[in-house]
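What the coordinates show
Each chain is listed here by its residues.
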Amino acid sequence: MLVKKGFVDKNKIWTWVKTWEDKLVNETWNGKENISGRKCLWFGVGVNLGVKSKVFEGMAIDDGLRKRCNQLWCGDDWNSILLYKYQAGCSLKNHIDREIFHNKVIVVNISQDSLFGGNIEFYYDGNIYKLSNGEVIEFNNKVIHGVRKVNHERWSLSIRKVLV
């Protein structure tokens, strides 16, 4: 089941993601750049995704970020954050996450405010959920999910537990 958990401060999250923009890298699969158009950055335990996913050490998680993620996760047993940037026209095909990830994931949607058509269409288990700027959701990543094509810049922050 997808659970809508509330919102984070929109101005703070936009300011924070923009500070990492120059560190983003193009998404890869099996060590090769893919054509998704998405860029990403791992914090804590990172994962090189592919047939044989491998872990690596991502960016450091400072105390303030760790505290806020503990609040959103409702505990401290997570170990990874994945920051994604979608350009206009990007999507995330429907999929189920790899076995290297625990099934719980918390996602913060960062998009333009709905006043400007900023709602994101998130597909989950046969349903479309409209996500607003700053909205936080929790879902089981072993259930089919994806993001429909975005019409404007969108970021997502995923708090995860990598099974290492």
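The rules behind each value
- Residues numbered from 1 in each chain as written.
- Predicted model: local features only at pLDDT ≥ 70, side-chain atom pairs only at ≥ 80, totals over all residues.
- Heavy atoms only, no water.
- 1 Å grid on protein atoms, 1.4 Å probe; cavity = no way out; pocket = protein on both sides within 12 Å on 5 of 7 lines; lining within 4 Å.
- Points joined across faces, edges and corners; volume = space filled by probe spheres on them.
- Helix = DSSP H or I, 4+ residues; strand = E, 2+ residues; numbered from the N terminus.
- Nonpolar A, V, L, I, M, F, W, Y, C, P; charged D, E, K, R; others polar.
- Buried < 20%, exposed > 50% of the residue type's maximum accessible area, 1.4 Å probe, protein only.
- Core = buried A, V, L, I, M, F, W, Y, C linked by side-chain atoms within 4.5 Å.
- Contact = heavy atoms within 4.5 Å.
- Phe/Tyr/Trp six-rings, centres within 6.5 Å; stacked < 30°, edge-to-face > 60°.
- Lys NZ or Arg CZ within 6 Å of the ring centre and 35° of its normal.
- Salt bridge = Lys/Arg side-chain N within 4 Å of Asp/Glu carboxyl O.

Details of the layout of surface pockets
Within this model, the largest pocket holds a volume of roughly 670 Å³. Every element with two or more residues in the lining of the largest pocket is listed here: β3 (28-29), β7 (80-86), β8 (92-95), β13 (145-147) and β14 (154-160). With four residues, the top contributor of residues to the lining of the largest pocket is β14. Among the residues forming the lining of the largest pocket, the class breakdown is 14 nonpolar, eight polar and seven charged. Taken as a whole, the second largest pocket encloses approximately 310 Å³ of empty space. At the level of elements, α1 (10-19) and α2 (63-73) are the ones that each hand at least two residues to the lining of the second largest pocket.

Some points on unusual backbone geometry
At C74, a residue that is not glycine, the phi angle is positive and equals roughly 65°. Relative to the elements of secondary structure, C74 occurs in the loop between α2 and β7. Residue class for C74 comes out exposed when judged on its relative accessible area of 61%. Here the phi dihedral of D125 falls at roughly 50°; this positive angle occurs in a residue that is not glycine.

Observations concerning the nonpolar core
Membership of the largest hydrophobic core comes to 24 residues, with the highest contact counts inside it found for V47, Y86, F101, F122, I137, F139 and V147. Within the residue set of this core, elements represented by two or more residues are β5 (39-48), β7, β9 (104-111), β10 (120-124) and β12 (135-140). Looking at this core element by element, the count peaks at four residues for β5. Contact partners of F122, with chain neighbours within four places excluded, come to L2, N127, I128, Y129, L131, I137, F139, H145, G146 and V147. Listed in part, the 22 residues of the second largest apolar core include V17, L24, L72 and W73.

Here's the deal with the environment of I100
Summarising the element assignment, I100 is placed in the loop between β8 and β9. Separated by 51 residues in sequence, I100 and L49 have C-alpha atoms that sit 9.4 Å apart. Leaving out residues up to four positions away in the same chain, I100 has contacts with V47, S53, V55, K161, V162 and L163.

A short note on the packing of aromatic side chains
Scanning the model with the defined rule gives seven aromatic pairs in all. Its guanidinium or amino end placed over the ring of Y84, R38 lies 5.5 Å from that ring's centre, counting from NZ or CZ. Sitting over the face of the ring of W73, K104 holds its NZ or CZ atom 4.3 Å from the ring centroid.

Details of the pattern of salt bridges
A full pass over the atoms with the stated rule returns eight salt bridges. In this structure, E138 and K5 form a salt bridge, with 3.2 Å as the shortest nitrogen-oxygen distance. Residue E138 is located in strand β12, and its partner K5 is located in strand β1 (residues 3-7); the two are separated by 133 residues in the primary sequence. Assessed through its relative accessible area of 22%, E138 is described here as partly exposed. Taking relative accessible area as the criterion, K5 reaches 34% and is therefore assigned partly exposed. Through salt bridges that share partners, K18, E21, K85 and E153 make up one connected network.

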